[in-house]
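Each chain, letter by letter, is given below.
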Amino acid sequence: MGLMDFFKKKNSGDIAKDRLKLLLISDRANCSPDVMEMIKNDIIQVISKYMEIDAEGLDIQITQTESEGNNGTVPALYANIPIKDMHHTPGKANA
Amino acid sequence: MSEVIVITSGKGGVGKTTTTANVGTGLAQLDKKVVLIDTDIGLRNLDVVMGLENRIVYNLVDVVEGNCRMKQALIKDKRYPNLFLLPSAQTRDKTAVTPEQMMKLTDELREEFDYILLDCPAGIEQGFKNAIAGADRALVVTTPEVSAIRDADRIIGLLEANEIKQIHLIVNRLRMDMVSRGDMMSIDDVTEILAINLIGAVPDDEQIVISTNQGEPLAGRTDTMAGQAYINICHRILGEDVPLLDLNVKNSMWSKIAGLFKKN
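In this text the structure is predicted, and so the values were computed from the model without any measurement.

A.B. asks: Could you give an account of the pairing of strand β4 (residues 83–86) of chain B, with specific residues and numbers?
C.D. replies: Residue and element names in this part refer to chain B. Covered by surrounding structure in β4 are L83 and L85 together with F84 and L86, the residues of both alternating faces. Bridging between strand β2 (residues 34–38) and β4 involves 4 bridges; their strand directions are parallel. Bridging from a neighbouring strand, V34 pairs with L83 of β4. As paired strands, strand β3 (residues 75–76) and β4 are joined by 2 bridges and run antiparallel to one another. For I75, the partnering residue across the bridge sits in β4 and is L85. Once β3 ends, the chain turns through 6 residues before running back antiparallel as β4.

Below, the structure is given as structure tokens:
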């Protein structure tokens, strides 16, 4: 085993935590990682019509948020979309 | 004012019954009048963990069906003047009781007890629905394992949907030696993932097995780590601010001492 492998090797506790975080997102939202990937791709397509975004850095998550009207929490879709260039000509993607 | 607390987990075998027995015993030691109800109809276990299995005459289903009065079914724990058990029925199944009947039962017990603890069966079906029906608050027990945490998350969702306002987490069977080498999720990891407030952590302690063998819950026994952890949880249930037990230091000290004896 090389030195680099030693540093790269993750603790099983961390692996468990990472797996659970992903798993619970889809459990809570009742939708699979496949569906999440499709939503992500559609968001990229739509936003790209208007500005240049970093598709690699895009992150979407389903979380819980306090509901404003009635008490309690509701699921919410959070999207973090890094913009590369705001001055992308509108409609260019269609051209 | 009395409180009805359900002890639940989703997954089986994570320590619901052990937790119920120890939290109940601990609260009784703190001078509260406590009744423990085993709601796992058909698979009763709380009686053996409490060491009261030979004293059962009537059970939960008998009370609900009116075959006996509540007083006749309650078993008094002779070790504590204010601790009682309402055992489950062994020869019936979970359809023998409805959530409405459970609510009526817990409301009747509220008049006499400070704390009514409900030991919930595993799963999310009828038995779970019965157990949470009359509850004001919930203790969710989990171990630091992926399967138990996933089920706990599901349970928390269901408890929230049923408008149980106060939900607290107990992380059970922690092995600090494994946590420190990174091979087990820590208390912080589990709490972060499940996003509910922690009320206590209990180490994986051989003494639990021994106390279950003997039918004597170890809450309050300060010579054991688990006994100390359980009594701390009881203080927190009463609203006291007790710092989290340092499982790390004592555990390594204990294992060293235990190691010395093993070699000789």
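A.B. asks: Report on the packing of helix α2 (residues 12–29) of chain A against helix α7 (residues 146–161) of chain B, specifying residues and quantitative values.
C.D. replies: Two numbers describe how α2 of chain A lies on α7 of chain B: the axes approach to 10 Å, and their chain directions differ by 30 degrees. Compared by their axis directions, α2 of chain A and α7 of chain B come out roughly parallel. In this structure, α2 of chain A crosses over α7 of chain B, and the sense of that crossing is right-handed. Where α2 of chain A abuts α7 of chain B, its residues A16, L20, L23, L24, D27 and R28 of chain A lie against V146, I149, R150 and D153 of chain B.

A.B. asks: Residue-level account of the side chain of T224 of chain B, with values.
C.D. replies: Residues and elements named next belong to chain B. Looking at where T224 falls in the secondary structure, it is placed in the loop between α10 (206–214) and α11 (225–237). Of the polar contacts made by the side chain of T224, one reaches the backbone nitrogen of G227; its length is 3.0 Å. Excluding residues within four positions of it along the chain, T224 makes contact with D205, Q207 and L218.

A.B. asks: So what's going on with the sheet that holds strand β7 (residues 166–174) of chain B? Residues and values would help.
C.D. replies: Residue and element names in this part refer to chain B. The 8 strands are arranged β3-β4-β2-β5-β1-β6-β7-β8 in an open sheet whose pairing can be described as mixed. Either end of the sheet is taken by a strand with one partner, and the two such strands are β3 and β8 (197–203). In this sheet, strand β6 (residues 137–142) lies alongside strand β1 (residues 3–8) in parallel orientation, the contact comprising 4 bridges. In the strand pairing of β6, I7 is matched with L139. The sheet contacts of α7 involve β1, β6 and β7, and relative to β6 the element is tilted by about 170 degrees. Contacts between α11 and the sheet are confined to β1, β5 (115–119), β6, β7 and β8, with β8 contributing the most and set at about 160 degrees to the helix.

Conventions and cut-offs
- Sequence order as written defines residue numbering, which begins from 1 separately in each chain.
- Each chain gets a letter, beginning with A, and each ligand a number, beginning with 1, in the order they are written.
- Since the coordinates come from a predicted model, pLDDT governs what is reported: local features require at least 70, and pairs of side-chain atoms require 80 or more to be given and counted, while whole-chain, interface and lining totals use all residues.
- Processing note: side-chain calculations cover all non-hydrogen atoms of the structure and skip hydrogens and water entirely.
- Throughout this description, buried means an accessible area under 20% of the type-specific maximum (1.4 Å probe, protein chains only), exposed means over 50%, and partly exposed covers the range between.
- Labels follow the DSSP assignment, with helices taken as runs of H or I lasting at least four residues and strands as runs of E lasting at least two, numbered in each case from the N terminus.
- At least two bridges found by DSSP between two strands is the condition for calling them paired.
- With axes taken as lines fitted to C-alpha atoms, and helix axes fitted only over the stretch in contact, angles between N-to-C directions fall between 0 and 180 degrees.
- Note that the term roughly parallel is reserved for angles under 35 degrees, roughly antiparallel for angles over 145, roughly perpendicular for angles of 65 to 115, and oblique for everything else.
- Left-handed is the label given to a crossing in which the near helix is rotated counterclockwise from the far helix by less than a right angle, and right-handed is the label when the rotation is clockwise.
- Two residues qualify as a contact provided that any one of their heavy atoms is within 4.5 Å of a heavy atom in the partner residue.
- N or O atoms closer than or at 3.5 Å make up a polar contact, with two conditions inside protein: a donor-capable atom paired with an acceptor-capable one, and, for residues adjacent in sequence, both atoms drawn from side chains.

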